[in-house]
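Residue-level structure breakdown
Residues per chain, in single letters:
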Amino acid sequence: MTRLAVPKTYKLYIGGKFPRSESGRVYEIRSHGGDFLANAAQASRKDARDAVVAARSALGGWAGATAYNRGQVLYRIAELLEGRRVQFIDEIVQTEGVTTAAASAQVDEAIDRWVWYAGWADKYVQVAGNANPVSGPYFNISVPEPTGVVAIIAPQSGGSLLGLVSAVAPALVAGNTVVVVANETMPLSAVSLGEVLATSDVPGGVVNILTGSPAEMAPWLASHADVNAIDLVGAGDLDWVHLQIDAAETLTRVLQPENGPDAASPSLARIVAFTETKTIWHTKGLI
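Residues numbered from 1 in each chain as written. Predicted model: local features only at pLDDT ≥ 70, side-chain atom pairs only at ≥ 80, totals over all residues. Heavy atoms only, no water.

Comments concerning a nonpolar patch on the surface
To keep it simple, the criterion reads: For patches, a residue must show more than 30% relative accessible area and have no salt bridge; joins then use 9 Å for like charges and 5 Å for nonpolar side chains, namely Val, Leu, Ile, Met, Phe, Trp and Tyr. Note on areas: Shrake-Rupley with a 1.4 Å probe; residue coverage comes only from the protein chains shown. Salt bridge, as used here: a side-chain nitrogen of Lys or Arg that lies within 4 Å of a carboxyl oxygen of Asp or Glu. A run of DSSP states H or I qualifies as a helix once it reaches four residues; a run of E qualifies as a strand once it reaches two. Both are numbered from the N-terminal end.
Where nonpolar side chains cluster on the molecular surface, the patch consists of Phe139, Ile141 and Ile280 and spans about 250 Å² of accessible area. Here isoleucine 280 is to be found in strand β11 (residues 275-283).

Some details on the packing of aromatic side chains
Put simply, the rule is: Stacked, edge-to-face and tilted are the three classes for Phe, Tyr and Trp ring pairs, Trp counted by its six-membered ring, which pair at centre distances within 6.5 Å; planes under 30 degrees apart are stacked, over 60 edge-to-face, the rest tilted. Here, over-ring charges are defined by two tests on the NZ atom of lysine or the CZ atom of arginine: distance to the ring centre within 6 Å, and angle to the ring normal within 35 degrees.
Following the criterion strictly, the structure yields four aromatic pairs and no others. Arranged with centres 5.0 Å apart and planes meeting at 40°, the rings of tyrosine 13 and phenylalanine 18 form a pair that is tilted. Ring pairing ties together the aromatic residues Trp116, Tyr117 and Trp120, which thus form one cluster. Taking the ring centre of tryptophan 220 as reference, the NZ or CZ of arginine 45 above it sits at 3.8 Å. The residue whose ring lies beneath lysine 284 is phenylalanine 139, and the NZ or CZ to ring-centre distance is 5.8 Å.

Regarding helix α8 (residues 214-223)
In an α-helix, one full turn covers 3.6 residues, which means residues spaced three or four apart are oriented alike. We count it as follows: Each residue's exposure class comes from its accessible area (1.4 Å probe, protein chains only) as a fraction of the maximum for that residue type: buried when under 20%, exposed when over 50%, partly exposed otherwise. This arc is built from the directions going out from the helix axis to the C-beta atoms. The contact criterion used throughout is that any non-hydrogen atoms of two residues lie within 4.5 Å.
If you check which residues of α8 are buried, you get Pro214, Met217, Ala218, Leu221 and Ala222. Mapping the buried residues of α8 onto a view down its axis gives an arc of 130°, with all of them on the same face. Lining the buried residues of α8 we find α1 (45-64), β6 (149-153), β7 (177-181), β8 (207-210), β9 (229-231) and α9 (240-248).

Notes on helix α6 (residues 160-173)
In plain terms, the rule: Here a helix's expected span is defined as the number of its residues, less one, multiplied by 1.5 Å.
An ideal rise of 1.5 Å per residue puts 20 Å on 14 residues; α6 measures up with 21 Å between its terminal C-alpha atoms. The element α6 is largely enclosed, with a buried count of 14 among its 14 residues. Positive phi appears at glycine 175, one or two residues downstream of α6, with a value of about 105°.

A word on the UniProt feature "domain: Aldehyde dehydrogenase" (unreviewed entry) in the protein chain
To keep things clear, this is the line we draw: UniProt positions are given in the numbering used here, feature names are shortened, and annotations may be inferred rather than shown by experiment.
Under the UniProt annotation, the feature "domain: Aldehyde dehydrogenase" (unreviewed entry) is placed at residues 24-236. In the segment residues 24-236, helix accounts for 52% and strand for 18%; the C-alpha atoms at its two ends are 28 Å apart.

Section: the nonpolar core
Convention followed: Side-chain atoms within 4.5 Å are what join buried Ala, Val, Leu, Ile, Met, Phe, Trp, Tyr and Cys residues into a set we call a nonpolar core.
Residues Trp114, Ile152, Val168 and Leu172 are the most contacted members of the largest nonpolar core, which totals 55 residues. For this core, the element with the most residues is α6, which contributes 10 residues. Ignoring anything within four residues of it in the chain, the contact list for leucine 172 reads Trp62, Arg70, Leu74, Trp114, Val178, Val206 and Val207. In this structure, Ile14, Ala54, Ala222 and Leu243 belong to the second largest nonpolar core, which totals 25 residues.

Quick notes on the layout of surface pockets
The criterion, for reference: Each cavity reported here is a set of points on a 1 Å grid over the protein atoms alone in which a 1.4 Å probe fits but cannot get out, each pocket an open set with protein on both sides within 12 Å along at least five of seven lines, and each lining residue one with an atom within 4 Å of a point. Grid points are joined across faces, edges and corners, and a volume is the space filled by probe spheres set on the points. Polar here means any residue outside two lists: the nonpolar Ala, Val, Leu, Ile, Met, Phe, Trp, Tyr, Cys and Pro, and the charged Asp, Glu, Lys and Arg; Gly therefore counts as polar.
The calculated volume of the second largest pocket comes to roughly 190 Å³. As for the second largest pocket, its lining consists of Lys8, Tyr10, Leu37, Ala38, Arg84, Gln87, Asp90, Glu91, Gln94, Leu188, Ser192 and Glu195. Where the lining of the second largest pocket is concerned, the elements lending two or more residues are β3 (36-41), α3 (85-96) and α7 (188-198). Here the lining of the second largest pocket gets four residues from one element, more than from any other, and that element is α3. Looking at the lining of the second largest pocket residue by residue, the class counts come to four nonpolar, three polar and five charged.

Remarks on the pairing of strand β2 (residues 26-30)
Heads up, the rule is: The pairing criterion is simple: DSSP has to find at least two bridges between the two strands.
Alignment of β2 against β3, held across five bridges, turns out to be antiparallel. Residue pairing in the sheet places valine 26 in a bridge with alanine 41 of β3.

Concerning the side chain of threonine 275
Applicable threshold: A 3.5 Å cut-off defines polar contacts: any pair of N or O atoms within that distance qualifies, except that in protein one atom must be a possible hydrogen donor and the other a possible acceptor, and neighbouring residues in sequence count only when both atoms are side-chain atoms.
Looking at the element boundaries, threonine 275 is found in strand β11. Among the polar contacts listed, one links the side chain of threonine 275 to the backbone oxygen of valine 272, at a separation of 2.6 Å. Those residues in contact with threonine 275, other than ones at most four positions away along the chain, are Tyr124, Pro144, Glu145, Pro146, Thr147, Ala174 and Arg253.

Remarks on the sheet that holds β3
Within the open sheet, the three strands sit side by side as β1-β3-β2. Their pairing is mixed. Because the sheet does not close on itself, it has two edges, and the strands there are β1 (9-10) and β2.

Topic: the environment of methionine 217
Tracing the backbone through its elements, the reader meets methionine 217 in helix α8. Methionine 217 sits 53 residues away from arginine 270 along the chain, and the two C-alpha atoms are 23 Å apart. Not counting residues within four places of it along the chain, the set of residues in contact with methionine 217 comprises Ala43, Ser44, Val181, Leu210, Thr211 and Gly212.

Some thoughts on the sheet that holds strand β10 (residues 253-255)
Applied cut-off: Note on geometry: axes are C-alpha line fits, over the in-contact stretch for helices, and angles between N-to-C directions span 0 to 180 degrees.
Strand order across the open sheet formed by five strands is β8-β7-β6-β9-β10, with parallel pairing between neighbours. Two strands bound the open sheet, and with one partner strand each, they are β8 and β10. Between one strand axis and the next, the sheet turns through 15° on average, direction left out of account. Sheet analysis places β9 next to β10, joined by three bridges and oriented parallel. Counterpart to aspartate 231 in the pairing with β10 is leucine 255. With respect to the sheet, α1 is in contact with β6, β7 and β8, its orientation differing from that of β7 by roughly 155°.

This is the structure we're talking about:
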């Protein structure tokens, strides 16, 4: 007996929940060969604002967690990705049109990248911070602290899972919360990552995933007064110069677009890019 196909309509991931777009809009996700795969929610300006509110609400708890705890939470994400490895491989094969071997290599690298960043969580402060030599009986210490809410335009070319992980993970390491606009034409990996996050130890609102048009949502995120930084790594095809101008109105930190296979490659610099340096003085002793 032939079974009736049940087309899926995927939702957004905001505040640890899976709401529909407030606009009610969806768009079709198609395979590399043009076959229909599913529907995805097409996020609106209101959805982007809701995601920023959720990220701001979660910031205090995530930034206030110990670095060791954040590292353990990020490592747990890698464990869950490993458990759903076959699913991610299948989705990448369908949407990107690559071989199973290539998809497998991408998933493995994405998992390894989560582990790599998880390992930096309780170490980057020692490398990026320092004790400054000063005149007088004082300690003068510079320490990196999280910037706040980070909006991200994920890479829009191939490597839909790896590009997403490469952009999101470093922002989380330092204690920032994230609103990310996923790959528009290949969002299945982002949707599945949202399902992984929902069943992990990541508090709701720490990561918020929007599917739909980056061109539509990026200007609102760049100009949002409650967004502290915006990573335009995947905004190379957008009018990113005007996005920087919009961001300047609210003193939002901007990371410019990157192109090529090494875009958002793992580095300590990407962690530090989402931090602010706090310098404190303290007397060495009391006489």
